[in-house]
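Descriptive structure summary
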Amino acid sequence: MNMEREAVTIRFPIPLLNKAKHLKDGSESFNELVVEAVEREVKRRQAIATHQSIVARRAKIKARTGIHPDVNVLIHRLREGDMRSE
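About the criteria used
Residues numbered from 1 in each chain as written. Predicted model: local features only at pLDDT ≥ 70, side-chain atom pairs only at ≥ 80, totals over all residues. Heavy atoms only, no water. Helix = DSSP H or I, 4+ residues; strand = E, 2+ residues; numbered from the N terminus. Rg over C-alpha atoms; globule rule 2.2 N^0.38 Å. Areas by Shrake-Rupley, 256 points an atom, 1.4 Å probe, with all protein chains shown as cover. Phe/Tyr/Trp six-rings, centres within 6.5 Å; stacked < 30°, edge-to-face > 60°. Salt bridge = Lys/Arg side-chain N within 4 Å of Asp/Glu carboxyl O. Buried < 20%, exposed > 50% of the residue type's maximum accessible area, 1.4 Å probe, protein only. Polar contact = N/O pair within 3.5 Å; in protein donor to acceptor, adjacent residues only side chain to side chain.

1. As for the overall build of the protein
Within the protein, the regular secondary structure consists of three helices and zero strands. For the protein, the succession of helices and strands along the chain, N to C, is α-α-α. Here the protein has a C-alpha radius of gyration of 25 Å; the compact-globule value for 86 residues is 12 Å, and the former is much larger. Expressed along its principal axes, the backbone C-alpha trace of the protein runs to roughly 70 × 30 × 30 Å. Surface summary for the protein: the accessible area is close to 8500 Å², and the carbon and sulfur share equals 57%.

Structure (structure tokens):
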């Protein structure tokens, strides 16, 4: 993926910078290491935000409609041909 890039200045704590430089892959640039780390963190935070949104929506629906019965029992009964209700 070829994206347009912008130069920024980042001030790293020296111990973290030394660890990162020591751990990076030999052919990998330090810039690539940082960009990939930031991409992973952005995706992780987006996933957390999405999960929190889903949890909030579920709570809102539950408050409005109450707890729904487990449909798995009904599905199994329908698959087995047992159409009787409880």
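Next comes the rest of the description.
2. Observations concerning the packing of aromatic side chains
In total, this model carries one aromatic pair according to the counting rule given. For the pair Phe12 and Phe30, a centre-to-centre distance of 5.7 Å together with 70° between the ring planes defines the contact as edge-to-face. Of this pair, Phe12 sits in the segment before helix H1 (14-23) while Phe30 sits in helix H2 (residues 30-65); the two residues are 18 residues apart in sequence, bridging distant segments of the chain.

3. A word on the pattern of salt bridges
Scanning all chains against the criterion turns up two salt bridges. Two residues, Glu41 and Arg44, come together in a salt bridge whose shortest N-O distance is 2.8 Å. One end of the pair, Glu41, and the other, Arg44, are both in helix H2, three residues apart, so they sit about a helical turn from each other. Arg44 gets classed as partly exposed once you look at its relative accessible area, which sits at 44%.

4. Focus: the environment of Ala56
Counting through the fold element by element, Ala56 comes out in helix H2. What makes Ala56 partly exposed here is its relative accessible area of 46%.

5. Observations regarding helix H3 (residues 71-80)
At the N-terminal end of H3, a side-chain oxygen is found 3.0 Å from the backbone nitrogen of Asn72, two or three residues along, and the residue is Asp70. One or two residues past the end of H3 sits Gly81, with phi positive at roughly 85°.

6. Focus: the environment of Asp70
Within the element layout of this structure, Asp70 appears in the loop between H2 and H3. Considering only alpha carbons, one finds Asp70 and Ala56, 14 residues apart in sequence, at a separation of 20 Å. There is a polar contact of 3.0 Å between the side chain of Asp70 and the backbone nitrogen of Asn72.

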